[in-house]
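Analysis of the macromolecular model
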Amino acid sequence: MRFFTVIGLVAVMGLAACGSSTTDRAISGGAIGAGVGAAGAAAAGGSIGTGVLLGGLAGAAAGGLTDADDIDLGTPVWRR
């Protein structure tokens with residue numbers, strides 16, 4: 001069961017990308033962080049829910065506190 005959860009979250013990470021607005025960057029950063037947190041927690045044998053929460057919070061903060069000049073992963077999927 002954990003394997004399929006991790007695979008699903010990794011697939012969602014592929015759909016996330018940074019944007020130019022603060023909101024887009026926070027949303028996509030949160031999605032990327034949640035996926036990475038889940039994968040890390042699963043690999044370490046920890047709580048996937050905790051990994052998703054902490055990774056999502058860290059990613060959203062990183063996305064919201066940076067601008068396109070700092071980190072630019074392109075146009076988000078929902079803006080194409």
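Before any of the text, the structure's been laid out above.
Small disclaimer: the values here were computed from a predicted structure and weren't measured.

What counts, and where the lines are drawn
Residues numbered from 1 in each chain as written. Predicted model: local features only at pLDDT ≥ 70, side-chain atom pairs only at ≥ 80, totals over all residues. Heavy atoms only, no water. Axes fitted to C-alpha atoms, helices over the stretch in contact; angles between N-to-C directions. Helix = DSSP H or I, 4+ residues; strand = E, 2+ residues; numbered from the N terminus. Parallel < 35°, antiparallel > 145°, perpendicular 65-115°, else oblique. Left-handed = near helix turned anticlockwise from the far one by under 90°. Contact = heavy atoms within 4.5 Å. Nonpolar A, V, L, I, M, F, W, Y, C, P; charged D, E, K, R; others polar. Expected span 1.5 Å × (residues − 1). Buried < 20%, exposed > 50% of the residue type's maximum accessible area, 1.4 Å probe, protein only.

1. A word on the packing of helix 2 (residues 22-44) against helix 3 (residues 48-65)
It is the contact of helix 2 with helix 3, at a shortest axis distance of 6 Å, that shows an interaxial angle of 150°. When the interaxial angle is binned, helix 2 and helix 3 end up roughly antiparallel. Seen along the crossing, helix 2 lies across helix 3 with a hand that is right-handed. Taken together, the residues of helix 3 that come into contact with helix 2 (itself represented by Thr22, Arg25, Ala26, Gly29, Gly30, Gly33, Ala34, Gly37, Ala38, Ala41 and Ala42) are Ile48, Gly51, Val52, Gly55, Gly56, Gly59, Ala60, Gly63 and Gly64. Partitioned by chemical class, the residues of the contact of helix 2 with helix 3 number eight nonpolar, eleven polar and one charged.

2. A few points about helix 2
Along an α-helix, a turn takes 3.6 residues, which lines up residues three or four apart on a common side. If you check helix 2, its first and last C-alpha atoms are 32 Å apart, about what 23 residues at 1.5 Å a residue would give, namely 33 Å. Looking at helix 2, one finds that the buried residues are Asp24, Arg25, Ser28, Gly29, Gly30, Gly33, Ala34, Gly35, Gly37, Ala38, Ala41 and Ala42. Once helix 2 ends, the next one or two residues include Gly45, with phi positive near 80°.

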